[in-house]
Protein chains: 2
Amino acid sequence: MNSMSLSLTHRQQEVLGFIREQQQTQGTAPSLREVAAHFGFRSMTAAADHVKALRRKGYLTHRPHQARSLRALPLAVDTHHPVERGRIVDIPVYGSIPAGFADDRRQEGREGCISVDVETLGISPSSRTFALEVRGNSMEGRHILNGDYAILEHGMDPRPGDVVAALIDNESTLKTFVKQHGKTWLKAENPSYPDFIPAQELVIQGVMVALIRKYR
Amino acid sequence: MNSMSLSLTHRQQEVLGFIREQQQTQGTAPSLREVAAHFGFRSMTAAADHVKALRRKGYLTHRPHQARSLRALPLAVDTHHPVERGRIVDIPVYGSIPAGFADDRRQEGREGCISVDVETLGISPSSRTFALEVRGNSMEGRHILNGDYAILEHGMDPRPGDVVAALIDNESTLKTFVKQHGKTWLKAENPSYPDFIPAQELVIQGVMVALIRKYR
DNA sequence: TTTAATACTGTTCATATGAACAGTATGAGT
DNA sequence: ACTCATACTGTTCATATGAACAGTATTAAA
């Protein structure tokens, strides 16, 4: 049965839990020998078998012959384990994004990381996600304030009305993406800020998918 | 020099960016040979040297002799202490908070949970934290929109100007906490909504500490 | 009864991988 | 001139690691 083939035994749940936990706390997946050691298996084949079953059932992926390439897949329902938490991703926070994009300039000791589970923000784990600390109040008209954290995804196709981060004057700026009469430009959501009509090419660094604001 | 020892060369930034990207998109860190291959190095020592430099400067950690154990650190303070990710907390989301408060009726398949690390939202793990899906636009004046998730902490002393969730007409509502001339009341941040002057006792369910908004 | 999945032990093998050593070249700082 | 960090090439070595093969025992389904 299908429902049968997806259900996990107790042992398999333990193994999956261990792999998830290691990935989350250590940042890297455990090796098969580490799995065996953790459960006291005297043979790593035991671990390998469990991993094989978990892969067959769709809970894990791996790349063959590649060390520590186990990856827990986000799965909708685990009937045995009702409280499954989605995959936690670490989103790097940039104070401002210079031209190189992957570039990081060291800001004055800010915390550089936001950790959230993918479902909370509704982000796709495949695309490159980053956070940008909002500077200024050019987007107040869309209720994005100075000091907010904008969560953006790189490599997404912006749709008209989306908030995007674009590179203007070597500074990453948030603006609304507008498309009208076949022309695209960027609109500031504050009367005192100018719109931006690109001279030639529009460099979109990311499309805004979520916002985080801290109070107090 | 300190500022010197922490600054990255262009090449080092590229390498760090590649490692970050691989870790995020692939789920596992690249091996040294993969780094070398990506940049066209004919020797893996080139990659190893860059990684060594990045480790020395505090941008990476690894566990010796362990495959794919590279870990990009959040742009951290100079404590060469490996920066741990904060504790992940699961915050229950209420569509509306009934009178009993701790009452958990209807858990229905909706996303009833937000998982974030404590530092991202700046919450204290001791107090009870919950999330409230914002209904209506009574707080638009403070840039809190319909559909936003308000993160609140129970058992906090509200200070004047804080946004709080209070129980009004058996419904949990967000308002601004105001104290003037020794009297306290709740102010709506939208002209079309009434202020609330408590008849006798003000039941504050939580003080707003953060906000999460999803786009698209 | 037979088959298949689970849950292991014990061993061997090929290789992916980190680490080290020996070089070369360039540029910046002193 | 001298040092030092950067930025590489080329090679070798030890081992961490995935994968495969040969078993045993238990349990559940067909």
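Residues numbered from 1 in each chain as written. Chains lettered and ligands numbered in written order. Predicted model: local features only at pLDDT ≥ 70, side-chain atom pairs only at ≥ 80, totals over all residues. Heavy atoms only, no water.

Please clarify how the packing of aromatic side chains should be interpreted in this entry.
Each aromatic ring pair is specified by the distance between its two centres and by the angle formed by the two planes. All names here are of chain A. The tally for this structure, following the rule as stated, stands at 4 aromatic pairs over all chains. Considering the side-chain rings of F18 and F39, the 5.8 Å spacing of their centres and the 80° angle between planes classify their relative orientation as edge-to-face. Of this pair, F18 sits in helix α2 (residues 10-26) while F39 sits in helix α3 (residues 32-39), and the two are 21 residues apart along the sequence. This pair shows no difference in class: F18 is buried, exactly as F39 is. (Phe/Tyr/Trp six-rings, centres within 6.5 Å; stacked < 30°, edge-to-face > 60°. Helix = DSSP H or I, 4+ residues; strand = E, 2+ residues; numbered from the N terminus. Buried < 20%, exposed > 50% of the residue type's maximum accessible area, 1.4 Å probe, protein only.)

Sorry, what's going on with the protein's contact with DNA strand C here?
Residues in close proximity to DNA strand C total 27 residues, the closest being R11(A), T45(A), R56(A), R33(B) and R68(B). Counting only atoms of DNA strand C within 4 Å of the protein, the sugar-phosphate share comes to 58%. Contact between DNA strand C and R11(A): a phosphate oxygen at 2.8 Å from a side-chain N or O atom of the residue. Among the secondary structure elements, those contributing two or more residues to the surface near DNA strand C are α2 and α4 (44-56) of chain A together with α3 (32-39) and α4 (44-56) of chain B. Looking at the surface near DNA strand C element by element, the count peaks at 6 residues for α4(A). Taken together, the residues that form the surface near DNA strand C break down as 8 nonpolar, 12 polar and 7 charged. (Near = heavy atom within 4 Å. Polar contact = N/O pair within 3.5 Å; in protein donor to acceptor, adjacent residues only side chain to side chain. Nonpolar A, V, L, I, M, F, W, Y, C, P; charged D, E, K, R; others polar.)

Just to check I follow, could you spell out the pattern of salt bridges for this structure?
Side chains carrying opposite charge are able to pair once their charged atoms draw close together. All names here are of chain B. Enumeration according to the criterion identifies 6 salt bridges over all chains in this entry. When the shortest N-O distance is used, the salt bridge between E14 and R11 registers 2.7 Å. With E14 and R11 both in helix α2 (residues 10-26) and 3 residues apart, this pair spans about one turn of that helix. Between D148 and R213 there is a salt bridge; the shortest N-O distance is 3.0 Å. (Salt bridge = Lys/Arg side-chain N within 4 Å of Asp/Glu carboxyl O.)

Honestly, empty space enclosed by the protein in this entry has me stumped. Any pointers?
Space left empty within the atom packing is revealed by a probe, the size of a water molecule, rolled over the atoms. Under the definition given, this model contains 2 cavities of 30 Å³ or more. The wall of the second largest cavity is formed by Q23(A), G27(A), T28(A), A29(A), R68(A), Q23(B), G27(B), T28(B), A29(B) and R68(B). Partitioned by chemical class, the residues of the lining of the second largest cavity number 2 nonpolar, 6 polar and 2 charged. (1 Å grid on protein atoms, 1.4 Å probe; cavity = no way out; pocket = protein on both sides within 12 Å on 5 of 7 lines; lining within 4 Å. Points joined across faces, edges and corners; volume = space filled by probe spheres on them.)

What exactly am I supposed to notice about the confidence of the model for chain A here?
All names here are of chain A. Averaged over every residue, the pLDDT of chain A is 74; the share at 70 or more is 70%. At the low end of the mean pLDDT range in chain A sits helix α1 (residues 2-6), at 41; at the high end sits α3, at 92. A low-confidence stretch, residues 1-5 stays under pLDDT 50, and its non-local contacts, those more than four residues away or across chains, total 1 contact. (pLDDT = per-residue confidence, 0-100. Contact = heavy atoms within 4.5 Å.)

Sorry, what's going on with α3(B) here?
In an α-helix, one turn spans 3.6 residues, which is why side chains three or four residues apart end up on the same side. All names here are of chain B. Among the residues of α3, V35, A36 and F39 are the ones counted as buried. Viewed along the axis of α3, the buried residues span an arc of 95°, placing them on a single side of the element. Of the residues in α3, the exposed ones pointing more than 90 degrees away from the buried face are R33 and A37. Buried-residue contacts for α3 involve α2 and α4. (Arc of directions from axis to C-beta.)

I would appreciate a short explanation of the protein's contact with DNA strand D in the present structure.
Surrounding DNA strand D, one finds 27 residues, the nearest of these being R68(A), R42(B), S43(B), T45(B) and R56(B). Close to the protein, within 4 Å, the atoms of DNA strand D are drawn from sugar and phosphate at a rate of 58%. Contacts to DNA strand D include H62(A), whose side-chain N or O atom sits 3.3 Å from a phosphate oxygen. When contributions to the surface near DNA strand D are tallied by element, the ones reaching two or more residues are α3 and α4 of chain A together with α2 and α4 of chain B. Here the surface near DNA strand D is built from residues that sort into 8 nonpolar, 12 polar and 7 charged.

Is there a simple way to explain the nonpolar core in this structure?
Across soluble globular proteins, nonpolar side chains have a tendency to be buried as a group. Among the nonpolar cores identified, the biggest contains 26 residues, and I144(A), L174(A), I144(B) and L174(B) are the most heavily contacted of them. Going through the elements one at a time, β5 (128-133), β6 (149-154), β7 (163-168) and β10 (204-214) of chain A together with β5 (128-133), β6 (149-154), β7 (163-168) and β10 (204-214) of chain B are the ones with two or more residues in this core. Once you skip the residues sitting within four places of it in the chain, I144(B) turns out to touch R213(A), Y215(A), V134(B), M139(B), V163(B), L174(B), M208(B) and L211(B). By size, the runner-up hydrophobic cluster in this structure holds 25 residues, among which are A131(A), A210(A), I212(A) and A131(B). (Core = buried A, V, L, I, M, F, W, Y, C linked by side-chain atoms within 4.5 Å.)

Would you take a moment to explain the packing of α2(A) against α3(A) for this structure?
How two helices sit against one another is set out by the angle between their axes and by the gap between those axes. All names here are of chain A. At a minimum axis separation of 11 Å, α2 and α3 run at an interaxial angle of 120°. When the axis of α2 is compared with that of α3, the two are oblique. For the element pair α2 and α3, the recorded crossing hand is right-handed. Between α2, through R11, E14, V15, F18 and I19, and α3, the contact on the second element is made entirely by E34, V35, H38 and F39. (Axes fitted to C-alpha atoms, helices over the stretch in contact; angles between N-to-C directions. Parallel < 35°, antiparallel > 145°, perpendicular 65-115°, else oblique. Left-handed = near helix turned anticlockwise from the far one by under 90°.)

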